[in-house]
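Residue-level listing of the chains:
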Amino acid sequence: MFIPEASNSALKVDSTFTSILIIEVILLAIVTSAMVFFVVRYNIRRKQKPENIEGSMFLEIVWTVIPTLLVLVMFYLGWKSFDIIRRVPKEVMTIGVTARQWSWLFSYENGKQSNVLRVPMGQPVKMLLTSADVLHSFYIPAFRIKEDCVPRMQTYMWFTAEEEGTYDIFCTEYCGLGHSGMLSKVIVMPEKEFAAWYGRAEEKVEKPAGQKILEEKGCLGCHTTDGTRKIGPTFKGLYGSKVTVLTNGKERVITADEKYIKRSVTDPGADIVKGYPNIMPKLPVTNEELEQIVEYLETLK
Amino acid sequence: MVMDNEAAMKAPVSFYGEEGRFKGIFSWIFSTNHKRIGIMYLVAILTFFSIGVILGILMRINLISPGKFISERTYNSLFTIHGVIQIFLFIIPGIPASLGNFFLPILIGSRDVAFPRINLMSWWFYMIGGAIVILSIFTGGGAPDTGWTFYAPYSIRTTANVSLALVGVIFLGFSSIFTGLNFITTIHRLRAPGMTFFRMPLFCWSLYATAWTQVLATPVLAITLLLIILERAFAIGFFEPTLGGDPILYEHMFWIYSHPAVYIMILPAMGIVTEIFPVFAKRTIFGYKAIAFSSLSIAFFGYLVWGHHMFTSGMSDTARVIFSLITFMVAVPTGVKVFNWIATLYKGSIQLDSPLIYSLTFIFLFSIAGLSGLIIGTLSLNLYLHGTYFIVGHFHYTMFGGAGFGFFAGLHYWYPKMTGRMYNEKTAKIAWLTIFIGFNILYFTMFILGLEGMPRRYFQYQPQFRTNHIISTVGSWILAAGLILMFGNFIRSLFRGEKAPMNPWGGKTLEWTIPSPPPAENFEKIPVIEHGPYKYE
Ligand code: HEM
Ligand SMILES: [Cu+2]
Ligand SMILES: [Cu+2]
């Protein structure tokens, strides 16, 4: 196939695809060669007298019944594999997925959270999907499956990863400006390695609280901490710098102090940094979280 | 066909020279003559088509090197406006409003449509709708950026100028409803004496089936879009989940119209190629009734399959299975048509001129479209391919390769009748070849991109997709060159083309019994019909 087949679902989908493609290529070949053959065989240059055949009940029945049977076969192939892909086994590990503009958050049963998905090889995993804002769709091409993430609703999918490796995760339901940047990876790990990672105490000891908030709230979907430009301005060196903003359409230069940073989170549309779109959503944050964010940004020199 | 040959010989003034109440431009924009309205629609529709093509090419240019020429925000607006224009301003009104308006009354032996003034009003609604859509690009919070599907809740939350664009689309919807109403009434009331339903040319049948779909499905779209406007203005809570609304309800309501709309696009194109096959094979059509009834059954079953756009939406699995089954069933009447067209070539005497070449290409491209449609109609494969470039490839093959090429076939077929001039056949063939090659390079690559997992509506992409994106973009340039050649040929021939005879192709339907271009009233004396439309000896 075109891309790795890294899960049980991928194998099912690809074998269905191959069977259907074979039927279709034959059909297309018949139709096309009949056209070409007739155009050559009955060309006006051959000066044959045309025959006015009005139709044939027999043929109409033939080319209604045979295609009907063929499409029923295709439908059945699709249904059968779909049924397997959708029927969740009893023993599964459950991982929650929250999609938001424009990043992914994965939450494990033991409370671990991350922006990259890690799954054990050979073990069925069920993903419970939802969205914090608009529609998104969770897609892993190497597993051949996707399902939409709908706000205030839970959808699901499941798979058993079969090949160790790192594969793309894409968002395939248009969700606004950063849609094409809403990427992540799924890392398929041998069961032992996964267990070690899963059991390891939360890395949060090493991470400043502010950074964790940025990850959880999805701020890093648009802002970076390393100086590169994404959808929003980077956080690196922001604290204390001079920023040109548009306030009610008027340009002014202000210093990015604590007050400015807090306002930018609680009322994102108030001062818009010049050269960036006014699209940041209002995120629910507590005062304590705000303090921690500011504290963290201060350290990003 | 009994025709007043003498009257036709005298060649009364054509509708271009008609003396009306108004002079100059007003003799057009206030004309209620179906042929003038048809020509005005044609000019407007092809203009919008060209704008849409330019936007498409800009998108392709971005995809060679994302961000270098075009920003993310602009790209998102480009595919939105491109989609809105190509769907609502080009392909939906496309054939019925232009060629249908011009030829339907002639083909059934009538002097005009049933409601000429509503016909004019539909054109005005179309122009107003088009103007509003264009206006929405430059005003308010910036060009709409939702995709042509306007999915909630994003379309409710975005600050872009969505409401205005939706008002434009609602106008376009009404224009389409007016045309539908007019055609249904015309076909029921204005057929010439002896022109029974089963003596009508099959293009009329396809317009008839289309018209019912326009009248019955389009109001749903108008209501749905109106709800989005209300939701944006007053936060009512139809579709916005934070207000208790349901975004999946929006998807249902949107596709209840927009799937049948696919048949509004394709049926008239099928009608056109059905006219062309017998004329260029010099024999009667194979399976008249099978083709007529398959049009009706496509239009009918087209209502029941909208859910195949929502296989991954979170809709129940049972619903997914049922929608998939019905989707597969619609393929059958479509197949029946293809087989009857090909059988019409059997034992004919085939003259391979550009209208037939475009019709054969239509069958080829539309077969690929339909077969790729079966792939994504397959439940398990949909989970893989939904929302990827496979879909983009599929719908361009359907709408452009199918409906678009059918339209081009019709333009070549009826150009002599509409303008009174012949185009250059050799140039037409070269243009066809260029378009055909460019088209397949541009869009077939998209199937491969989709199989590789490339999502649609992506401004930028992972490096593994780069090569195919570049190939696809090169295809778009070849296609553009072909289109310029085709339209150039048409425009040049308006002035330089040879005078067209009354019946350049040896057709048997009524339009070929009156002068090219036709007189204002079409028929000096309404013909009396005594047999079916494709009577070759
Ligand atoms: C030279 C001609 C054309 C080119 C180069 C072109 C190219 C494209 C491209 C690159 C996309 C966006 C892909 C994405 O980011 O998802 C697109 C989307 C689309 N195109 Fe075209 N296209 C052309 C003609 C047409 C025609 C003739 C039609 C219809 C009759 C059409 C209908 C659409 C629609 C409906 C969309 C989807 C927009 C959306 O996602 O909201 N295009 N086209
Ligand atoms: Cu997205
Ligand atoms: Cu559909």
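Residues numbered from 1 in each chain as written. Chains lettered and ligands numbered in written order. Predicted model: local features only at pLDDT ≥ 70, side-chain atom pairs only at ≥ 80, totals over all residues. Heavy atoms only, no water.

Caption draft 1: How the structure looks around the environment of Ala10(A). All names here are of chain A. If you trace the backbone, Ala 10 turns up in helix α1 (residues 8–41). Residue class for Ala 10 comes out buried when judged on its relative accessible area of 0%. If we ignore the near neighbours within four places in the chain, the residues touching Ala 10 are Glu 5, Ala 142, Phe 143 and Arg 144. (Helix = DSSP H or I, 4+ residues; strand = E, 2+ residues; numbered from the N terminus. Buried < 20%, exposed > 50% of the residue type's maximum accessible area, 1.4 Å probe, protein only. Contact = heavy atoms within 4.5 Å.)

Caption draft 2: Quick look at the coordination of the copper ion (ligand 3). All names here are of chain B. Coordination of the copper ion (ligand 3) by the protein involves His 259 (ND1), His 308 (NE2) and His 309 (NE2), with metal-donor separations of 1.6 to 2.1 Å. Ordering the donors of the copper ion (ligand 3) by residue number gives the pattern H-x48-H-H. Among the residues examined, His 308 registers a relative accessible area of 15% and is labelled buried. (Donors = N, O, S within 2.8 Å, 3.2 Å for Na, K, Ca; no water.)

Caption draft 3: Summary view of the coordination of the copper ion (ligand 2). All names here are of chain A. With distances of 2.1 to 2.7 Å, the protein atoms coordinating the copper ion (ligand 2) are Cys 171 (SG), Glu 173 (O), Cys 175 (SG) and His 179 (ND1). For the copper ion (ligand 2), the four donor atoms in the first shell make angles of 86 to 131° at the metal, a pattern classed as tetrahedral. Expressed as a motif, the donor residue spacing for the copper ion (ligand 2) is C-x1-E-x1-C-x3-H. (Tetrahedral: all angles 85-135°; square planar, octahedral: opposite > 155°, others 65-115°.)

Caption draft 4: Broad picture of the nonpolar core. The biggest cluster of nonpolar side chains holds 252 residues, and the ones touching the most others in it are Met127(A), Phe138(A) and Phe143(A). Top contributing element to this core by residue count: helix α10 (residues 247–281) of chain B, with 21 residues. Contacts of Phe143(A), omitting those with residues within four sequence positions, involve Ala6(A), Ser7(A), Ser9(A), Ala10(A), Phe159(A), Ala161(A), Tyr167(A), Val186(A) and Val188(A). One finds Cys219(A), Phe235(A), Tyr260(A) and Leu300(A) within the second-largest nonpolar core, a separate group that totals 18 residues. (Core = buried A, V, L, I, M, F, W, Y, C linked by side-chain atoms within 4.5 Å.)

Caption draft 5: Structural context of the side chain of His308(B). By the element assignment, His308(B) lies in the loop between α11 (288–301) and α12 (317–345). Residues in contact with His308(B), not counting those within four places in the same chain, are His259(B), Phe323(B), Thr327(B) and Asn382(B).

Caption draft 6: Seen up close, the site of ligand 1. Residues and elements named next belong to chain B. The environment of ligand 1 is made up of 29 residues, and the closest members are Tyr 75, His 82, Trp 148, His 396 and Arg 457. Within the contact set of ligand 1, a nitrogen atom lies 2.7 Å away from a side-chain nitrogen or oxygen of His 82. In this structure, Arg 456 approaches ligand 1 through a side-chain N or O atom, which is 2.9 Å from an oxygen atom. Where the shell around ligand 1 is concerned, the elements lending two or more residues are α3 (34–64), α4 (72–91), α15 (389–419), α16 (425–451) and α17 (466–496). Broken down by element, the residue count for the shell around ligand 1 peaks at eight residues, all from α4. (Near = heavy atom within 4 Å. Polar contact = N/O pair within 3.5 Å; in protein donor to acceptor, adjacent residues only side chain to side chain.)

Caption draft 7: Quick peek at the pairing of strand β8 (residues 155–160) of chain A. Residues and elements named next belong to chain A. Where burial is concerned, most of β8 is hidden: five out of the six residues are buried. Pairing analysis gives six bridges linking strand β5 (residues 124–131) to β8, with the strands arranged antiparallel. Bridged to Val 125 within β8 is Phe 159. (Pairing = 2+ DSSP bridges.)

Caption draft 8: A look at the interface of chain B and chain A. Contacts between chain B and chain A engage 88 residues on the former and 80 residues on the latter. Counting the surface lost from both chain B and chain A, the interface buries some 7200 Å², and carbon and sulfur atoms represent 68% of this. Remark: the boundary between chain B and chain A carries three salt bridges. The partner of Arg86(A) in a salt bridge is Asp317(B), with the nearest N and O atoms 3.1 Å apart. Applying the counting criterion to the chain B and chain A interface returns 22 residue pairs in polar contact (both at pLDDT 80 or more). Of all the elements in the fold, those that place two or more residues in the side of chain B that touches chain A are α4, α7 (154–157), α10, α11, α12, α13 (354–377), α14 (379–385) and α16 of chain B. (Buried area = accessible area lost by both parts, 1.4 Å probe. Salt bridge = Lys/Arg side-chain N within 4 Å of Asp/Glu carboxyl O.)

Caption draft 9: Main features of the domain arrangement of chain A. All names here are of chain A. Taken domain by domain, chain A holds domain 1 (8–86), domain 2 (93–199) and domain 3 (209–299). Domain 2 puts nine residues into the contact, and the matching count from domain 3 is nine residues. Of all residues in domain 2, Arg 100, Trp 102 and Leu 177 give up the largest surface area on contact with domain 3, accounting jointly for 52% of the area buried on that side. Summed over the shared surface of domain 2 and domain 3, the number is zero salt bridges. Remark: the boundary between domain 2 and domain 3 carries zero residue pairs in polar contact (both at pLDDT 80 or more). Of the residues belonging to the side of domain 2 that touches domain 3, the class tally is three nonpolar, five polar and one charged. (Domains from an automatic or database assignment. Nonpolar A, V, L, I, M, F, W, Y, C, P; charged D, E, K, R; others polar.)

Caption draft 10: Molecular detail of α12(B). Given a rise of 1.5 Å per residue, 29 residues ought to cover 42 Å, and the 44 Å separating the end C-alpha atoms of α12(B) matches this to within 8%. Following α12(B) by one or two positions, Lys347(B) adopts a phi angle in the positive range, close to 55°. (Expected span 1.5 Å × (residues − 1).)

Caption draft 11: Examining the environment of Phe459(B) more closely. Relative to the helices and strands, Phe459(B) is located in the loop between α16 and α17. Judged by its relative accessible area of 6%, Phe459(B) falls in the buried class. Sequence separation of Phe459(B) and Ile70(B) is 389 residues, and the distance between their C-alpha atoms is 9.1 Å. Excluding residues within four positions of it along the chain, Phe459(B) makes contact with Ser180(A), Asn62(B), Leu63(B), Pro66(B), Gly67(B), Ile70(B), Ser71(B), Glu72(B) and Tyr75(B).

Caption draft 12: Main features of the sheet that holds strand β11 (residues 242–247) of chain A. Residue and element names in this part refer to chain A. Taken in spatial order, the three strands make up an open sheet running β12-β11-β13, and their pairing is antiparallel. Each end of this open sheet is capped by a strand with a single partner; those strands are β12 (250–255) and β13 (271–273). The mean angle between the axes of side-by-side strands here comes to 45°, regardless of whether they run parallel or antiparallel. Sheet topology note: the β11/β13 ladder contains three bridges and is antiparallel. (Axes fitted to C-alpha atoms, helices over the stretch in contact; angles between N-to-C directions.)

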